[in-house]
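# Observations on the model geometry
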Amino acid sequence: MNLADAARTGLVEIRAHKARSLLSLAAIAFGVAAILYTFAIANEALTKQREAFNLVGPGPIQITFMQWRKEDDKSLRLSRGLTSDDAESIRLALPWVHMVSPVLDTWGEVRYKFLNRWSGLLGVTDEWRKRNWVYTLRGRFFNKSDYETGAPVCVLIEPGGWAKGKSAEARRWSYYNDEDIDGLIVHYNLLNQEISVNNTVLTVVGILKDPPKDKDPRWFKSDRGNNRLLVPLTTAQRYFNNDNWRSDKPVAERVSFIDLDTGSLATVPAATRRLQSLLDILHRGEKDFQIVDLRQEIQKKVNEMREHALTILSLGLLAILAGGVGITNVTLATVYSRIREIGVRRAVGATRMDILMQFVVEAMLLGLLGGIAGVIIGLGGLLFVAEEGVEKLGYLVWWHYLFTVFISVGASFVFALYPAYSASRLDPTEALLYE
Amino acid sequence: MFDGDGGARTTPLIEVRRVTKEYKTGTKVSALSGLSLEFHSGEFTAIAGPSGSGKSTLLNLIGTLDAPTHGEILHQGRKVTGLSAEELADFRLRHLGFIFQAYNLIPVLSAVENTEYPMVLQGVPAPERRARAMEALRSVGLEALAHRRPDALSGGQQQRVAVARSMVHRPMVVLADEPTANLDSKTAAALLDLMHGLNTEHGLTFIFSSHDPAVLSRATRVVHIRDGRLVDPSEAHAAPDGVA
Ligand SMILES: Nc1ncnc2c1ncn2[C@@H]1O[C@H](COP(=O)(O)OP(=O)(O)OP(=O)(O)O)[C@@H](O)[C@H]1O
Ligand SMILES: [Mg+2]
């Protein structure tokens, strides 16, 4: 008996017992949908990791300033903390390092007309543009004289909104909060206007626009969107060096962190060692800085996503298992309801293998239908249930669909084996007597 | 078409040699006790006997669906006792046809699909097996109902489909265990006419069981058994003129 004949009889059987077939089909389908979702998440993690790595550059390192809280401060105050002088020394000592970008990370009260809003504020150098440049620019960025003179100019960062996949209402809500700085930037055309930040009047020379939130490759940065205000580092150090509440010695050249890019992954460890010894000397042995490998940070986030994917995968496998037990159940029921028929088939000359194959093929057909239904349910679920569903869909590749269907067919095969085997072992005379 | 070899008396078609069949259900039950019998090609033989006499047991053993406790069974001089389950399945598929009392058919398959089932197992190409199945259905007069499912056929019609299926692959013998037991007397007579017609026209060998005198009267040879033994040991061999 060939496969096509077994499949044809199987289809007829499935059609003849619709309710029974539908039940096990549903269980399988949910498992398949969950597995499909896992694939989407896993692939999303991979893709985002790749994007993020591309974005941070090949050899990203960050040196962060660890300010002591006054009460824990056991330092001898030999160090001035992290400063733009450190950045300059690094540039001189490690001239091959591709990017040295000192940043002063602080905040300010923005006033425009009758409105006042709080915003994060970054003092940056031109090096800042080398990393995470995902914006579209209106107006201009800072020029040489802005940096040199500490000019009272600023660039604003406008929220990017959502590309797709959200209702207008949801889009409006997540676009920005009207009550904070985002609302101010979105509602008023501030280009070439004057705003006041902590009572210093700044001219808005440019506006950067974020990419849409769902397309933002900087997903791994938790602080994105908080800093809407950029000023030249010199300007920040002159006017907004106000984040000294933890330290009793205000330092004019203060920076919060220095972003570096060694240019290649291979040079990161060597650069880290060099930086460590250099800064140990510059800071006179005070441990008030930390050297962070950004790739490891990204990897950590990716691992979190992977764990999430694994959780869903195990749920999906559980559902497949439940579906599989359903298949076992349905096949057993089918076998019991067809004992006489099995007797007739055996008498006419069907071998045990023929009988086994008959039931296995039937179950695999159910698995195939369940798998296809699962793909449809999965796609539907991603589209309508999950908020970021549309985005997730983009991470599914054709073989994901094929593989999930394959899993469901394979599971059906495995779970039908036992009942099919017991059917094949039935004694023909007893089967013929069965009422 | 069915090459019944009516003349050759040297080797019987089927030989049952001192066969005993015991069932162990608490106490030992002897369904057959040292029974010996011969059947020849082209016969239209009835096994007669009261309920529990061992008719079904005998037909199952001849049909290789079950194995005897003692003794042996030969088909065309070849011993079938001792063959493996797969070999027996293949033997049944090629050489035997079966008709049962009822529920002969696979419920989800149409009449013609049921009829071609043995050929599906044999791997006969679809167009050929469909043509042969239709021919068999024509010979039982059911061509018009070929595409009906069993549940849309009467008991008599179902048995005719079973007859068509049992002969479609040109077996050397058709075994029928009480094929008319579930039919009314008129339908039963018609089914017997059909079987007898196939026997005389195609030389198809039939061995069937019954305890209905009207059915038995149609047989060209009757073997009576009781308590698993021949009532008249001389019936073990066919009378020289017993073949139609
Ligand atoms: N599977 C079995 N297990 C135990 N005993 C059995 C089994 N099959 C048949 N028997 C016994 O063997 C004896 C012969 O049974 P068998 O079915 O061959 O009789 P039969 O002539 O076909 O009867 P009926 O006319 O009622 O069909 C009976 O006593 C029966 O109870
Ligand atoms: Mg019986």
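Residues numbered from 1 in each chain as written. Chains lettered and ligands numbered in written order. Predicted model: local features only at pLDDT ≥ 70, side-chain atom pairs only at ≥ 80, totals over all residues. Heavy atoms only, no water.

### Some words on the overall build of chain B
So the rule is basically this: Here a helix means four or more residues in a row that DSSP labels H or I, a strand means two or more in a row labelled E, and each is numbered from the N terminus. Only protein chains enter the calculation, and the probe is 1.4 Å; a residue is then buried if its accessible area is under 20% of its type maximum, exposed if over 50%, and partly exposed in between. By the convention used here, residues are in contact when the closest approach between their heavy atoms is within 4.5 Å. To measure how exposed things are, a 1.4 Å probe is used in the Shrake-Rupley method; for residues, cover is taken only from the protein chains shown.
When its secondary structure is counted, chain B shows 7 helices and 10 strands. The burial tally for chain B puts 56% of its 244 residues in the buried class. Within chain B, contacts between residues separated by at least 24 positions form 72% of all contacts whose residues are at least 6 apart in sequence. Here chain B has roughly 10,200 Å² of accessible surface; of this, 49% comes from carbon and sulfur atoms.

### Observations regarding the nonpolar core
Rules: Buried residues of nine kinds, namely Ala, Val, Leu, Ile, Met, Phe, Trp, Tyr and Cys, make up a nonpolar core once their side-chain atoms join them within 4.5 Å.
Core analysis: the largest hydrophobic core is formed by 49 residues, its most contacted members being I14 and V16 of chain B. Filtering out sequence-adjacent residues up to four positions away, V16 of chain B remains in contact with L35, S36, L37, F39, L58, I62, E72 and I73 of chain B. F65, L82, V110 and I291 of chain A belong to the second largest nonpolar core, which has 40 residues in total.

### As for the sheet that holds strand β1 (residues 14-25) of chain B
Residues and elements named next belong to chain B. As a reminder, the rule being used: In short, DSSP must find at least two bridges between two strands for them to pair.
Strands sit in the order β2-β1-β4-β5 across an open sheet of 4 strands; the sheet is antiparallel. Of all strands in the sheet, those with a lone pairing partner are β2 (27-39) and β5 (78-79), marking the two edges. In the sheet, β1 pairs with strand β4 (residues 70-75) via 5 bridges, with the strands oriented antiparallel. Paired with R17 across the strands is E72, a residue of β4.

### Structural notes on the site of ligand 1
Residue and element names in this part refer to chain B. The test is simple: Proximity is defined per residue: any heavy atom of the residue falling within 4 Å of a molecule or strand makes that residue near it. N or O atoms within 3.5 Å of each other form a polar contact, as long as, within protein, one can give a hydrogen and the other can take it, and as long as residues adjacent in sequence are counted only when both atoms are side-chain atoms. We call Asp, Glu, Lys and Arg charged. Ala, Val, Leu, Ile, Met, Phe, Trp, Tyr, Cys and Pro are nonpolar, and the rest, Gly among them, are polar.
What surrounds ligand 1 is a group of 14 residues, the closest being S51, G52, K55, S56 and T57. One of the backbone N or O atoms of G52 is found 2.8 Å from an oxygen atom in ligand 1. Residue S56 places a side-chain N or O atom 2.7 Å away from an oxygen atom belonging to ligand 1. Out of a free accessible area of 630 Å², ligand 1 has 67% covered by protein chains. Elements with a minimum of two residues in the shell around ligand 1: β1, β2 and α1 (55-62). Among the elements that take part in the shell around ligand 1, α1 stands out by supplying 3 residues, more than any other. Looking at the shell around ligand 1 residue by residue, the class counts come to 4 nonpolar, 8 polar and 2 charged.

### So, the pairing of strand β6 (residues 194-197) of chain A
In regular strands, side chains alternate between the two faces of the sheet. All names here are of chain A. Summarising the sheet, strand β2 (residues 99-112) and β6 pair through 2 bridges and their orientation is antiparallel. Residue pairing in the sheet places V110 in a bridge with V197 of β6. Strand direction decides the pairing type here: β6 and strand β7 (residues 200-209), joined by 4 bridges, are antiparallel. Pairing of I195 across the sheet is with L202, part of β7.

### Side note on the interface of chain B and chain A
What counts here: Defined in terms of a 1.4 Å probe, buried area is the accessible area two parts forfeit on being brought together, summed over both. Salt bridge, as applied in this entry: a Lys or Arg side-chain nitrogen positioned within 4 Å of an Asp or Glu carboxyl oxygen.
Taken together, the 25 residues of chain B in the interface contact 23 residues of chain A. Of the roughly 2,200 Å² buried between chain B and chain A on both sides combined, carbon and sulfur atoms contribute 60%. Taken together, the links from chain B to chain A amount to 0 salt bridges. Our count for the chain B to chain A interface comes out at 4 residue pairs in polar contact (both at pLDDT 80 or more). Within the residue set of the side of chain B that touches chain A, elements represented by two or more residues are α2 (85-95) and α3 (111-122) of chain B. Residue classes in the side of chain B that touches chain A are distributed as 16 nonpolar, 2 polar and 7 charged.

### Re the sheet that holds strand β6 (residues 96-99) of chain B
Residues and elements named next belong to chain B. Selection criterion: Axes here mean lines fitted to C-alpha atoms, for a helix over just the part in contact, with angles spanning 0 to 180 degrees between N-to-C directions.
Reading across from one edge, β6-β7-β8-β3-β9-β10 is the order of the 6 strands in this open sheet, with mixed pairing throughout. Here the strands that pair on one side only, and so sit at the sheet edges, are β6 and β10 (229-230). For strand β9 (residues 221-226) and β10, the ladder comprises 2 bridges, and the chain directions are antiparallel. Along β10, the bridge assignment pairs I225 with L230. Most of the contacts of α1 go to strand β7 (residues 173-177), to which it runs at about 155 degrees, and overall it touches β3 (44-48), β6, β7, β8 (206-210) and β9.

### Some words on the pairing of β7 of chain A
All names here are of chain A. Within β7, 7 of the 10 residues are buried, leaving the element largely enclosed by the surrounding structure. Where strand β4 (residues 136-139) meets β7, 4 bridges bridge the pair, whose relative direction is antiparallel. Of the residues in β7, the one forming a bridge with T136 is K209. Examined bridge by bridge, strand β5 (residues 153-158) and β7 share 6 bridges and lie parallel to one another. By the bridge assignment, L156 is partnered in β7 with I207. The hairpin formed by β6 and β7 contains 2 residues between the paired strands, and N198 there has a positive phi angle of roughly 45 degrees.

### Quick look at the pattern of salt bridges
All names here are of chain B. Taken as a whole and judged by the stated rule, the model has 29 salt bridges over all chains. The residue K21 makes a salt bridge to D66 at a minimum N-O spacing of 3.4 Å. With a gap of 45 residues between them, K21 in strand β1 and D66 in the loop between α1 and β4 connect regions that are remote in the sequence. By relative accessible area, K21 is classed as buried at 8%.

By themselves, these figures tell us nothing about what the structure is for.
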